[in-house]
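Single-letter residue listing:
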Amino acid sequence: MGNHVHYLSEAIAYIASDDLWIEGSAIQQLHTTANLPGMCRVMGMPDLHPGRGYPIGAAFFSLGRFYPALVGNDIGCGMALWQTDILRRRYNADKFEKRLAALDDAADERWLDEHLPESLIQHPWRSALGSIGGGNHFAELQQVDQVFDSERFSEAGLDAQHLLLLAHSGSRGLGQSVLQHHISVFSHHGLAEGSEDARRYLAAHDDALAFARVNRQLIATRILQQVKASGNPLLDVAHNFVEACRIGGQQGWLHRKGATPDNQGLAIVPGSRGDYSWLVQPVATEEALCSLAHGAGRKWMRSECKGRLSGKFSPAQLSRTELGSRVICRDKQLIYEEAPQAYKSAESVISCLVQAGLVKPVARLHPVLTLKTSGGKGA
């Protein structure tokens with residue numbers, strides 16, 4: 001991994017390169033996290049940026065206790081990729097934009113009754129299933145732009161003649177309620193492994209993880225039905241969770257907050273809505289805490305986006321990108337917060353991962369149509 005890993009101490013490191021901006025406050029948050037009792041190692045990814053108290057785009061390995069606050073409120077958030085049967089040469093942008101703009105944020109109850117797995121029919125958060133949510137969550141139709149490893153590409157069931165569908169979402173209000181309950185009782189002190197409280201949290205965490213996975217499937221199903229298409233799931237990889245893990249010969253807890261696991265086959269590292277996404281083959285290594293970047297990473301804080309951009313671009317202008325793709329987002333604030341300018345370049349993150357020996361690129365994907373929330377209540 002050479003000179004792309006910057007060690008701040010034996011316990012703290014981050015992966016970066018000269019052309020990748022990492023904020024001082026994110027580095028400071030790595031130090032804060034490393035000081036938690038039982039914390040052994042923290043590793044920042046190239047998409048590292050500051051979060052609320054703890055950094056996003058990082059993995060954390062602890063012994064004896066684990067920290068739900070590090071996983072955060074969107075337990076199970078991740079990326080699912082589907083191969084669709086939509087022929088790229090027959091894709092009609094106006095038609096697809098119109099159809100998807102007519103899709104409600106939330107699935108109706110009758111549809112849920114028909115499509116929910118048995119185990120979730122009575123779930124208290126069932127009405128959130130099949131919805132993308134707010135923030136940086138999205139669903140996106142993509143076309144294959146370049147293939148770097150054709151063997152791995154076709155092995156995975158991909159083909160360049162048809163569009164792909166990427167869904168990025170999590171456990172919606174469920175993960176939020178799990179974290180809030182935990183923090184109200186235990187604040188940020190974490191939980192001792194093997195305790196009854198730890199067991200209870202892990203059960204709720206695993207429920208949220210499964211909920212998020214089903215949510216991505218249902219989002220994809222709703223979108224494909226809306227455009228009268230079908231598809232096959234190729235991968236589903238979460239990037240916000242905690243798991244028991246053995247690293248450096250020690251059995252402990254690996255927390256990922258915006259970090260993609262390197263041991264689940266192909267992974268996707270998405271760009272912003274106006275940038276390419278990259279399909280990669282991870283190269284497993286304990287040095288990077290078995291993790292990779294989970295996306296391009298924010299460059300600007302949400303609160304500053306509108307001020308920086310509204311003088312130059314109207315929301316209508318932001319619904320078209322420099323790559324020629326389209327964006328459906330009726331929330332006027334969110335379309336500024338999620339503007340491509342607010343993110344690092346996906347290529348700079350990928351080249352950093354490649355140079356550090358963490359991934360091999362398989363394909364580059366070009367956005368065609370990105371669907372965000374309509375900005376209604378509960379988004």
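Preceding this paragraph is the structure being described.
Rules used throughout
Residues numbered from 1 in each chain as written. Predicted model: local features only at pLDDT ≥ 70, side-chain atom pairs only at ≥ 80, totals over all residues. Heavy atoms only, no water. Salt bridge = Lys/Arg side-chain N within 4 Å of Asp/Glu carboxyl O. Helix = DSSP H or I, 4+ residues; strand = E, 2+ residues; numbered from the N terminus. Buried < 20%, exposed > 50% of the residue type's maximum accessible area, 1.4 Å probe, protein only. Pairing = 2+ DSSP bridges. Axes fitted to C-alpha atoms, helices over the stretch in contact; angles between N-to-C directions. Contact = heavy atoms within 4.5 Å. Expected span 1.5 Å × (residues − 1).

Peer 1: What exactly am I supposed to notice about the pattern of salt bridges here?
Peer 2: If charged atoms from side chains of opposite charge come close, those side chains can pair. In the structure shown here, the tally under the stated rule is 18 salt bridges. Salt-bridge contacts for aspartate 94 lead to arginine 326; the nearest nitrogen and oxygen are separated by 2.8 Å. With aspartate 94 in helix H3 (residues 93-101) and arginine 326 in strand S17 (residues 326-328), this residue pair connects regions lying 232 residues apart in the sequence. Residue classification places aspartate 94 among the exposed residues on the basis of a relative accessible area of 51%. Residue arginine 326 is classed as buried on the basis of its relative accessible area of 17%. When the shortest N-O distance is used, the salt bridge between glutamate 97 and arginine 320 registers 3.3 Å.

Peer 1: I'm lost on the sheet that holds strand S4 (residues 56-62) in this one. Help?
Peer 2: Consider a sheet: its strands pair through backbone hydrogen bonds, and that pairing is either parallel or antiparallel. One open sheet holds the 6 strands; their spatial order is S1-S2-S3-S4-S12-S11, and the pairing between them is mixed. Two strands in the sheet have a free side with no partner beyond their single neighbour: strand S1 (5-7) and strand S11 (240-247). Adjacent strand axes in the sheet meet at a mean angle of 20 degrees, parallel and antiparallel pairs treated alike. Pairing between S1 and strand S2 (residues 12-15): 3 bridges, direction antiparallel. Paired with valine 5 across the bridge in S2 is isoleucine 15. Against the sheet, helix H7 (residues 196-226) touches S11 and strand S12 (250-257), its axis set at about 115 degrees to S11.

Peer 1: Teacher, can you tell me more about the pairing of strand S15 (residues 277-282) here?
Peer 2: Consecutive residues of a regular strand have side chains that alternate between opposite faces of the sheet. Within S15, 5 of the 6 residues are buried, which leaves it mostly tucked inside the rest of the structure. Sheet analysis places strand S14 (residues 267-269) next to S15, joined by 3 bridges and oriented antiparallel. Its bridge partner lying in S15, valine 269 is registered against tryptophan 278. Bridge count for S15 against strand S18 (residues 359-371) is 6 bridges, and the pairing is antiparallel. When the sheet's bridge partners are listed, tryptophan 278 is paired in S18 with arginine 364.

Peer 1: I tried to follow the environment of glycine 57 on my own but got confused; where do I start?
Peer 2: Locating glycine 57 in the fold gives a position in strand S4. Distance from glycine 57 to glutamate 155, taken between C-alpha atoms, is 29 Å for residues 98 residues apart in sequence. Look past the residues within four positions of glycine 57 in its chain and what remains in contact with it is Met43, Gly44, Met45, Asp47, Leu48, Lys257 and Gly258.

Peer 1: Teacher, can you tell me more about helix H6 (residues 172-186) here?
Peer 2: In an α-helix, one turn spans 3.6 residues, which is why side chains three or four residues apart end up on the same side. Along its 15 residues, H6 runs 22 Å from first to last C-alpha, staying within 8% of the 21 Å computed at 1.5 Å per residue. All of the buried residues along H6 are Arg172, Gly173, Leu174, Gly175, Val178, Leu179 and His182. Residues of H6 that are buried make contact with helix H2 (68-71), strand S8 (162-169), strand S9 (191-192) and H7. In the stretch just after H6, serine 187 is the one whose phi turns positive, near 50 degrees.

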